[in-house]
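Listed below are the residues making up each chain.
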Amino acid sequence: GESVGLHLPTLSVQEGDNSIINCAYSNSASDYFIWYKQESGKGPQFIIDIRSNMDKRQGQRVTVLLNKTVKHLSLQIAATQPGDSAVYFCAENSSLYGNNRLAFGKGNQVVVIP
Amino acid sequence: DGGITQSPKYLFRKEGQNVTLSCEQNLNHDAMYWYRQDPGQGLRLIYYSQIVNDFQKGDIAEGYSVSREKKESFPLTVTSAQKNPTAFYLCASSTSRSYNEQFFGPGTRLTVL
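Residues numbered from 1 in each chain as written. Chains lettered and ligands numbered in written order. Predicted model: local features only at pLDDT ≥ 70, side-chain atom pairs only at ≥ 80, totals over all residues. Heavy atoms only, no water.

Asks: I keep staring at the overall build of chain A and nothing clicks. Help me out?
Replies: Secondary structure assignment for chain A yields zero helices and 10 strands. Along chain A, helices (α) and strands (β) appear in the sequence β-β-β-β-β-β-β-β-β-β when read from the amino end. Taken against the 2.2 N^0.38 rule, which gives 13 Å for 114 residues, the C-alpha radius of gyration of chain A at 14 Å falls within 12% of a compact globule. Its C-alpha atoms give chain A principal-axis dimensions of about 40 × 25 × 20 Å. If you take every contact in chain A between residues at least 6 apart in sequence, the share linking residues at least 24 apart comes to 55%. (Helix = DSSP H or I, 4+ residues; strand = E, 2+ residues; numbered from the N terminus. Rg over C-alpha atoms; globule rule 2.2 N^0.38 Å. Contact = heavy atoms within 4.5 Å.)

The structure is reproduced here in structure tokens:
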């Protein structure tokens with residue numbers, strides 16, 4: 001597959017444990033923050049988004065937390081499974097760009113240890 | 001099956017040649033995007049199109065060109081003016097109601113020799 005994970009920050013987590021992936025952003029004007037997952041050799045896949053006026057949003061086995069004070073976004077994965085091994089990208093959608101395009105971060109690699 | 005397809009998966013070209021990457025979607029999405037991904041990097045936006053016959057430059061449009069003559073198709077041409085064209089290219093599409101949720105194709109790995 002594609003070596004998209006090369007030189008990325010890597011989180012190694014034991015299967016069954018919870019994972020926390022962090023992302024710092026700089027644009028205070030962003031309206032939405034989004035998480036994507038990219039498995040080896042595949043295109044990214046949408047996980048969850050959160051509007052800037054929210055602090056927390058939950059999905060299936062995932063929770064996204066937004067701390068606007070320190071411009072920090074995190075994705076929590078509960079009971080991590082081998083299928084969660086991937087590169088995770090945070091992205092922003094800002095009215096500065098017209099809200100019709102995203103700006104992606106560099107990504108964090110998650111490796112699940114069986 | 002609805003989805004977005006890119007072909008070919010691997011492409012080799014000689015330096016100085018233009019090459020066109022294919023992207024097709026049958027999701028009836030209005031918006032389509034082209035990204036470039038390099039190892040250890042995030043996705044960088046090359047071009048995007050919100051509607052047929054219209055497109056805008058992204059952050060790294062130099063050396064690339066696109067067309068959007070049909071809703072289903074958004075081909076990307078990598079020209080000889082692109083100084084470092086070897087990369088993984090990803091195409092995506094979304095509805096005009098939810099630009100946050102983009103659907104990506106499997107990507108094309110372009111190697112220029």
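Still more to cover.
Asks: Got a minute to help me understand the layout of surface pockets in this structure?
Replies: A probe as big as a water molecule, rolled over the atoms, marks out the empty space that is left. When its volume is computed, the largest pocket comes out at roughly 230 Å³. Gly-43, Pro-44 and Gln-45 of chain A together with Phe-103 and Phe-104 of chain B are, among the 16 residues lining the largest pocket, the residues nearest its centre. Looking at the lining of the largest pocket, its residues break down into six nonpolar, six polar and four charged. The calculated volume of the second largest pocket comes to roughly 180 Å³. As for the second largest pocket, its lining consists of 14 residues, of which Glu-15, Gly-16, Gln-82, Pro-85 and Val-112 of chain B are closest to the centre. (1 Å grid on protein atoms, 1.4 Å probe; cavity = no way out; pocket = protein on both sides within 12 Å on 5 of 7 lines; lining within 4 Å. Points joined across faces, edges and corners; volume = space filled by probe spheres on them. Nonpolar A, V, L, I, M, F, W, Y, C, P; charged D, E, K, R; others polar.)

Asks: Would you mind going over the interface of chain B and chain A with me for this structure?
Replies: How big an interface is tends to be expressed through the accessible area that disappears when the partners come together. Facing 25 residues of chain B, the contacting portion of chain A comprises 25 residues. With both sides pooled, the region where chain B packs onto chain A buries about 2000 Å², and carbon together with sulfur makes up 52% of that total. Three residues, Gly-40, Leu-43 and Asn-100 of chain B, lead the burial of chain B against chain A; their summed loss comes to 29% of the area buried on that side. Linking chain B to chain A there are one salt bridge. Across the pair Arg-101 of chain A and Asp-59 of chain B runs a salt bridge whose closest N-O atoms are separated by 2.8 Å. The tally of links from chain B across to chain A stands at eight residue pairs in polar contact (both at pLDDT 80 or more). Looking at which element gives the most residues to the side of chain B that touches chain A, the answer is strand S5 (residues 43-51) of chain B, with four residues. Split into classes, the residues belonging to the side of chain B that touches chain A amount to 12 nonpolar, nine polar and four charged. (Buried area = accessible area lost by both parts, 1.4 Å probe. Salt bridge = Lys/Arg side-chain N within 4 Å of Asp/Glu carboxyl O. Polar contact = N/O pair within 3.5 Å; in protein donor to acceptor, adjacent residues only side chain to side chain.)

Asks: Please clarify how the pairing of strand S8 (residues 86-94) of chain A should be interpreted in this entry.
Replies: Look at any regular strand and the pattern is simple: side chains alternate between the two faces of the sheet. Residues and elements named next belong to chain A. Here S8 lies mainly inside the structure; nine of its nine residues are buried. Pairing of strand S3 (residues 30-38) with S8 involves eight bridges; the strand directions are antiparallel. Note on S8: the bridge partner recorded for Tyr-32 is Asn-93. Note: S8 against strand S10 (residues 108-113), three bridges, orientation antiparallel. Its bridge partner being in S10, Tyr-88 is matched across the sheet by Asn-108. By the bridge criterion, three bridges tie S8 to strand S9 (residues 102-104) in an arrangement that is antiparallel. Across the sheet, residue Ala-91 finds its bridge partner in S9, namely Phe-104. (Buried < 20%, exposed > 50% of the residue type's maximum accessible area, 1.4 Å probe, protein only. Pairing = 2+ DSSP bridges.)

Asks: Help me understand unusual backbone geometry, please; the structure alone is not making it clear to me.
Replies: Where the residue is not glycine, phi is negative for most of them; where a peptide bond is considered, it is trans in most cases. Here the bond from Ser-7 of chain B into Pro-8 of chain B is cis, since omega is -10°, no more than 30 degrees from zero. Note that Pro-8 of chain B resides in the loop between strand S1 (4-7) and strand S2 (10-13). In this model, Ala-79 of chain A sits at a positive phi of 50°, which is unusual for a non-glycine residue. Look at Ala-79 of chain A and you get partly exposed, because its relative accessible area is 37%.

Asks: Mind showing me how you'd approach the pairing of S5 of chain B here?
Replies: All names here are of chain B. Relative to S5, strand S4 (residues 31-37) runs antiparallel, the two being bridged by six bridges. By the bridge assignment for S5, Tyr-35 is matched with Leu-45. The antiparallel pairing of S5 with strand S6 (residues 54-57) creates a hairpin that spans two residues between the two strands, and Asn-53 there sits at a positive phi of about 65°.

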